[in-house]
Structure formats: structure tokens, C-alpha cells
Amino acid sequence: MRIRILPVIMAAITLLLATTGQAQAPRRQMGGGCGQALIERFELLVPEDLDADAVAQIVYLKEEEKLARDVYAALSLEYDVPIFSNIARSEQRHMRQVDLLIVRYSLDDPVVDDTIGVFTNPDLATLYGDLVATGKRSLEDALWVGATIEDLDLADLYDLIDTTDSLDVALIAQNLSAGSRNHLRAFARQLEPQGIAYEAQYLDPSVVEDILESEHERGVVYDEFGDVLADCGGRRSAGLGSNHNGGANNGGRNGYDSGHDNGDGNGDCDGTGPHGTGGGDCDGPGPHGTGGGGG
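Nothing here was measured: the structure is a model prediction, and the numbers come from that model.

Analysis parameters
- The written sequence of each chain sets the order in which its residues are numbered from 1.
- Local features in this predicted model are restricted to residues of pLDDT 70 or higher, and side-chain atom pairs are both shown and tallied only at a pLDDT of 80 or more, whereas totals for entire chains, interfaces and linings draw on every residue.
- Note that the side-chain values use all heavy atoms of the structure and ignore hydrogens as well as water.
- Comment: elements are numbered from the N terminus, with helices defined as DSSP H or I runs of at least four residues and strands as E runs of at least two.
- Accessible surface is estimated by sampling points in the Shrake-Rupley manner with a 1.4 Å probe; for residues, cover comes only from the protein chains shown.
- Strands were regarded as paired on the criterion that DSSP finds at least two bridges between them.
- Defined by distance alone, a disulfide is two cysteine sulfur atoms within 2.5 Å.
- A 1.4 Å probe rolled over the protein chains alone gives each residue an accessible area, and that area as a share of the maximum for its type sets the label: buried under 20%, exposed over 50%, partly exposed in between.
- Any two residues whose heavy atoms approach within 4.5 Å are treated as being in contact.
- Two rings belonging to Phe, Tyr or Trp (six-membered ring only in the last case) form a pair when the distance between their centres is within 6.5 Å. Interplanar angles under 30 degrees mark stacking, angles over 60 mark edge-to-face geometry, and anything in between is tilted.
- Lysine NZ or arginine CZ positioned within 6 Å of the ring centre and within 35 degrees of the ring normal marks a charge as sitting over the ring.
- Helix axes use the C-alpha atoms of the stretch in contact, all axes being lines fitted to C-alpha atoms, and the angles between their N-to-C directions lie in the range 0 to 180 degrees.
- We call two directions roughly parallel when the angle between them is under 35 degrees, roughly antiparallel when it is over 145, roughly perpendicular when it lies between 65 and 115, and oblique otherwise.
- Crossing handedness is read from the near helix: turned anticlockwise from the far helix by less than a right angle, it gives a left-handed crossing, and turned clockwise, a right-handed one.
- As a working rule, the residues Ala, Val, Leu, Ile, Met, Phe, Trp, Tyr, Cys and Pro are called nonpolar, Asp, Glu, Lys and Arg charged, and the rest polar, with Gly in that last group.
- Salt-bridge detection follows one rule: a side-chain nitrogen of Lys or Arg within 4 Å of a carboxyl oxygen of Asp or Glu.

Enquirer: Residue-level account of the overall build of the protein chain, with values.
Expert: Counting its secondary structure elements, the protein chain contains eight helices and six strands. Listed by position from the N terminus, the elements making up the protein chain come as α-α-α-α-α-α-α-α-β-β-β-β-β-β. When the accessible area of the protein chain is evaluated, it comes to approximately 12,300 Å², of which 51% is carbon and sulfur surface.

Pasting the structure below:
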């Protein structure tokens, strides 16, 4: 499954992950549709006074999203499967969502060097090296690493949702959670044909089971309480948007678009929707088409 690292591939990865003025203009980089709905809701919410713990959580979250992006970018050079590069693109958008908070509250951006594998937090730097080394052992290990990263992200995001008193922070965390649930489903489902069932590493096993048994959340924006805020296309499915008490709601989206098998979506995607199609922000081949939605 390994591929040669040709100069053109390296150039494409570099272009994909290059910093594009995130801290200066995160709003302009999130595009229309779902991104616009999220921004409009964000700008309606009044900024709160953040305590030191909340600031530390936001700063850590930015580098945690970078960790996911960087690991997937590194593994995309090892394996000729689209899931890693596609979800790396999604993680780049997640970093921009956190930038909304960093800019609003004038926080110090921990990403002072956007180079892959470079982190301000030494624990994340060590974790990056360990995860990439594990992922390089085999494709199965790489997919397990991906699921583990999303498991960890969700544990931290759910903790942030349950502890924050700031509605704008909760809004960003709710929508990052939806993306991470989609990514966890995607990695776990690619493990299944190889006879491997992902087991929870950070979340409660019952929470992971509920996520994996539900459909992808496509074309939906959640509000700060985990309720559906905007429908950006796609069919409704049983979503798992969390409220401040960790409850569930209805309103996720699956991987279908209105054209079903033949859709052409540019999706914020993993490329693994049931029919490979959806709306959103990135390109990726699915089993029966192109695109993929959600997260």
C-alpha cells in the first residue's frame, strides 16, 4: 500500500496545509453554506469573561486539532488511501474554527510554526511522534491511530462543553464534536472489513458504541446547546449533538446528497459516506461517487 513520495505529491501536501492567514481572517476562510451559518451564530453570541482554565482549554484545543491534521498528513504519504488526506483537510478547517475564539479573545496562538510535527506543547509533540510511528507499522495501525485521535478529541470536547459557561465556546465545541464523530465513524468503518472493531480508549465505551451505530452527520450546523441550527443539505439522521448535560438530539446528516449515488459534492469529508456523496467543503472519492459531507 505504500507509495513513492514524488515531488509533486509533496508540493500538493504543502499547498494543502500551508498557513493562509488563519489568525488574521478565520471568517473569510470558512466559506459559505454551513460555514456562514456557524459564523452568523457566533457573531450573535456576546463574548464572555474567560477564566484561566478556559483560556488554557482553547489554546490546547488549537494544537490538538493541529495534531490530528499533522498525523493524517504524515500518514497520507504512507498509504494510498484517501481518508488521511481528506480528513487532514477537515482538521485544517477545525483549526480555523478555533481561531474564531483565539481572535475574539485576543489569545496567544500556540501555532507559531505551522510546520507539520512542530508543537508548542511538548506533550503533543511527543504524542505526534508516537502516533506517526505506530501508524507507519501497517494500514490497520494507521486507521486505529486515526480513530484513537478522534476518540481523544471528543473526550476533550465533551469535557469543554460540559464545563464552559461561554456560549460562543460551546458553539464551536459542539460543531467540532460533530466533525470528530464523523471522523471516528469513518476510521472505525474502514477497520471493519479487516475484522477489527475499534475499542474506546478515552470515551466511555457506550458513548463510542452509540456514535459508531449512528449515521454520519452531514450538512448540519449545531447551536451552542447541541440542537440543529441550520440545514445545509443532505438527509436527516439520528444525530448526537451534545447539550451541556451530555444529552443527545436529532439532526445529524448522513452521506447522501439529493442526487444519491451520482452526487458530486465538495464535502468537508472523509470520502466514506454510504454512497460517497454529500455537500460541504472538500473533495474525496467515496465508494459510489465523489465528495462526502459533514465534519
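Now that the structure is up, let's keep going.
Enquirer: Any details on the pairing of strand 2 (residues 228-231)? Residues and values, ideally.
Expert: As defined by bridge partners, strand 1 (residues 220-222) adjoins strand 2 across three bridges and the pair is classed as antiparallel. Considered in strand 2, the bridge of valine 221 is made with alanine 230. What sits between strand 1 and strand 2 in their antiparallel hairpin is a turn of five residues, with glycine 226 showing a positive phi close to 90°.

Enquirer: Which residues make up the state of the cysteines, and what values do they have?
Expert: Enumeration according to the criterion identifies one disulfide in this entry. Between cysteine 34 and cysteine 232 runs a disulfide, and the two sulfur atoms are separated by 2.3 Å. As the torsion about the S-S bond is roughly 140°, the cysteine 34-cysteine 232 disulfide counts as right-handed. Of this pair, cysteine 34 sits in helix 2 (residues 34-44) while cysteine 232 sits in the loop between strand 2 and strand 3 (236-237), and the two are 198 residues apart along the sequence. For cysteine 34, a relative accessible area of 25% translates into the label partly exposed. With relative accessibility at 31%, the residue cysteine 232 sits in the partly exposed group.

Enquirer: Which residues make up unusual backbone geometry, and what values go with them?
Expert: Most of the time, phi is negative for any residue but glycine, and the peptide bond is trans. Its identity is not glycine, yet serine 106 carries a phi of approximately 55°, on the positive side. Looking at the element boundaries, serine 106 is found in the loop between helix 4 (83-104) and helix 5 (122-135). Its relative accessible area of 64% is what places serine 106 among the exposed residues.

Enquirer: Please set out helix 2 residue by residue, giving values where relevant.
Expert: Taken together, the buried positions of helix 2 are occupied by Gly35, Ala37, Leu38, Ile39 and Phe42. Those residues of helix 2 that are buried are in contact with helix 4, helix 7 (167-191), strand 1 and strand 2.

Enquirer: Explain the packing of aromatic side chains residue by residue, including any values.
Expert: This model, assessed by the stated rule, comprises five aromatic pairs. With 5.9 Å between their ring centres and 35° between their planes, phenylalanine 84 and phenylalanine 187 make a pair best called tilted. Of this pair, phenylalanine 84 sits in helix 4 while phenylalanine 187 sits in helix 7; the two residues are 103 residues apart in sequence, bridging distant segments of the chain. Aromatic pair phenylalanine 119 and tyrosine 128: ring centres 5.8 Å apart, planes at 45°, arrangement tilted. Judged on exposure class, the residue phenylalanine 119 and its partner tyrosine 128 are both buried. Taken together, the aromatic side chains of Tyr72, Tyr79, Phe84 and Phe187 make up a single cluster linked through ring pairs. If you follow lysine 66 out to its NZ or CZ, it ends over the ring of phenylalanine 119, 4.4 Å from the centre. One cation-aromatic arrangement involves arginine 104 over phenylalanine 42; the distance from NZ or CZ to the ring centre is 4.0 Å.

Enquirer: Now, about the packing of helix 3 (residues 52-76) against helix 6 (residues 139-163): what can you tell me, with residues and values included?
Expert: Look at helix 3 against helix 6: their axes get within 11 Å of each other, and the N-to-C directions meet at 165°. By the angle class used here, helix 3 and helix 6 are roughly antiparallel. Considering how the two elements wind past one another, helix 3 and helix 6 form a crossing that is left-handed. Every residue of helix 6 that contacts helix 3 at Gln57, Tyr60, Leu61, Glu64, Glu65, Ala68, Val71, Tyr72 and Leu75 is listed here: Ala142, Val145, Gly146, Ile149, Glu150, Leu152, Asp153, Asp156, Leu157, Asp159, Leu160 and Thr163. The residue inventory of the contact of helix 3 with helix 6, partitioned by class, reads twelve nonpolar, three polar and six charged.

Enquirer: So what's going on with the environment of tyrosine 60? Residues and values would help.
Expert: Structurally, tyrosine 60 is set in helix 3. Expressed as a C-alpha distance, the spacing of tyrosine 60 and aspartate 156, which sit 96 residues apart in the sequence, is 9.8 Å. Beyond its immediate stretch of four places on either side in the chain, tyrosine 60 contacts Asn121, Leu124 and Asp156.

Enquirer: Help me get a handle on the pattern of salt bridges, residues and values and all.
Expert: Overall, the coordinates contain nine salt bridges when judged by the stated rule. When the shortest N-O distance is used, the salt bridge between arginine 69 and aspartate 114 registers 3.2 Å. Taken as a pair, arginine 69 in helix 3 and aspartate 114 in the loop between helix 4 and helix 5 lie far apart in primary sequence, 45 residues in all. When sorted by exposure, arginine 69 lands in the same class as aspartate 114, which is buried. If you follow the salt bridges from partner to partner, you end up with Lys66, Arg69, Asp70 and Asp114 in one network.

Any link to function would need more than the numbers given here.
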